[in-house]
Amino acid sequence: MSRPSTAPHATPVTMPAPGSFALRGDVAHQVTLTVADLREGWEQHRAEVVFDCATAGPQHHTFVGPLLREVMAVAQPGFDPARRKERSRFLVSVSGDDGHHTILSWAEIDADFGNAPVLLATRMDDEDLDTAGTQLVVPSDRCGARYVSAVTGIWIGAHQLPGAPPSEG
Ligand SMILES: Nc1nc2c(c(=O)[nH]1)N[C@H]1C(S)=C(S)[C@@H](COP(=O)(O)O)O[C@H]1N2
Ligand SMILES: [Mo]
């Protein structure tokens, strides 16, 4: 796949705006989005969830926001959208401003695979998240560890089998 010649791996040194996050990795376009962008640019879904926290017990929340897979499409992940096997090799890492980060597989959220309705929340319960930052919502998880709050970065890339040449679709 062709890439822009302008240093695709360069990380900007500038601090992001509060509540914004970057989409990066194997993408055609690195994109920085705010919670307001998430609210305006995509269909909003609602999820009433319960997740368990090892230290605080069960948590009940209502989240509103767009589907993670629809938001990520704007950055154009580096797979051929028509090739399922190729898509099934991609990983997504989501990080919070405190360094907590977690992994999803692209296949978990892909409509042809797990089809999990994972959201990037614009609102939690009665509060807009514009200042706090978006939160990853994984309604299919029993435990809360992947509900990453104050998201600052989302990375996507293909898993390469150690020692193997890059695979064809
Ligand atoms: N940024 C960030 N998000 C995070 C965590 C964290 O340490 N940092 N902990 C996770 C864990 S373990 C749980 S259980 C939930 C806690 O959600 P609550 O604040 O609604 O209890 O947040 C998740 N999201
Ligand atoms: Mo937790």
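See the structure above.
What you see is a predicted model; the values in this text were computed from it and never measured.

## Some words on the nonpolar core
Core analysis: the largest hydrophobic core is formed by 37 residues, its most contacted members being Leu23, Leu68, Leu136 and Ile154. Leaving out residues up to four positions away in the same chain, leucine 23 has contacts with His29, Gln30, Val31, Leu33, Val71, Met72, Val74, Ala75 and Ile154.

## Here we look at unusual backbone geometry
The phi torsion at glutamine 76 lies on the positive side, around 55°, for a residue other than glycine. Following the sequence through the fold, glutamine 76 ends up in the loop between helix H2 (68–72) and helix H3 (84–87). The class of glutamine 76 is partly exposed, set by a relative accessible area of 41%. Positive phi is not limited to glycine here, since asparagine 115 has a value of about 55°. With respect to the helices and strands, the residue asparagine 115 is situated in the loop between helix H4 (106–109) and strand E7 (119–121).

## A look at the site of ligand 1
In the neighbourhood of ligand 1, the contacting residues comprise Phe51, Cys53, Gln59, His61, Asp98, His100, Gly144, Ala145, Tyr147, Val148 and Ser149. A distance of 2.8 Å separates a nitrogen atom of ligand 1 from a polar atom in the backbone of tyrosine 147. Between ligand 1 and serine 149, the relevant distance is 3.0 Å, taken from a nitrogen atom to a main-chain nitrogen or oxygen of the residue. The fraction of the free accessible surface of ligand 1 (530 Å²) that becomes covered by protein chains is 68%. Among the secondary structure elements, those contributing two or more residues to the shell around ligand 1 are strand E3 (45–53) and strand E4 (57–65). Residues of the shell around ligand 1, tallied by class, amount to five nonpolar, five polar and one charged.

## Details of the sheet that holds E4
The strand order across the open sheet formed by four strands is E3-E4-E8-E9, and the pairing between neighbours is antiparallel. Each of the sheet's edge strands pairs with one partner strand only, and the pair in question is E3 and strand E9 (127–128). Of the strand pairs in this sheet, strand E8 (residues 123–124) and E9 are connected by two bridges, and their pairing is antiparallel. Across the sheet, residue arginine 123 finds its bridge partner in E9, namely aspartate 128.

## Examining the state of the cysteines
The tally for this structure, following the rule as stated, stands at zero disulfides. Here cysteine 143 is not cross-linked by a disulfide; its sulfur's nearest cysteine counterpart is in cysteine 53, at 7.6 Å.

## Observations regarding the pairing of strand E5 (residues 90–96)
Counting buried positions along E5 gives five out of seven residues, so the element sits mostly inside the fold. Taken together, the seven bridges between E5 and strand E11 (residues 151–158) define a ladder with antiparallel strand orientation. In the sheet register, glycine 96 faces E11, and the bridge partner there is valine 151. Inspection of the sheet shows E5 paired to strand E6 (residues 101–105) by five bridges, in the antiparallel sense. Among the inter-strand pairings, valine 94 is bridged to a residue of E6, identified as threonine 102. Taken together, E5 and the strand that follows it, E6, pair antiparallel across an intervening segment of four residues, in which glycine 99 is found at a positive phi of about 90°.

## Section: the pattern of salt bridges
Counting across every chain of the model gives ten salt bridges. Salt-bridge contacts for arginine 46 lead to glutamate 48; the nearest nitrogen and oxygen are separated by 3.9 Å. Residue arginine 46 shares its accessibility class with glutamate 48, and that shared class is exposed. Notably, a salt bridge pairs arginine 87 with aspartate 112, separated by 2.9 Å at the nearest N-O pair. Of this pair, arginine 87 sits in helix H3 while aspartate 112 sits in the loop between H4 and E7; the two residues are 25 residues apart in sequence, bridging distant segments of the chain.

About the cut-offs
- Residues numbered from 1 in each chain as written.
- Chains lettered and ligands numbered in written order.
- Predicted model: local features only at pLDDT ≥ 70, side-chain atom pairs only at ≥ 80, totals over all residues.
- Heavy atoms only, no water.
- Core = buried A, V, L, I, M, F, W, Y, C linked by side-chain atoms within 4.5 Å.
- Buried < 20%, exposed > 50% of the residue type's maximum accessible area, 1.4 Å probe, protein only.
- Contact = heavy atoms within 4.5 Å.
- Helix = DSSP H or I, 4+ residues; strand = E, 2+ residues; numbered from the N terminus.
- Near = heavy atom within 4 Å.
- Polar contact = N/O pair within 3.5 Å; in protein donor to acceptor, adjacent residues only side chain to side chain.
- Areas by Shrake-Rupley, 256 points an atom, 1.4 Å probe, with all protein chains shown as cover.
- Nonpolar A, V, L, I, M, F, W, Y, C, P; charged D, E, K, R; others polar.
- Pairing = 2+ DSSP bridges.
- Disulfide = S-S within 2.5 Å.
- Salt bridge = Lys/Arg side-chain N within 4 Å of Asp/Glu carboxyl O.

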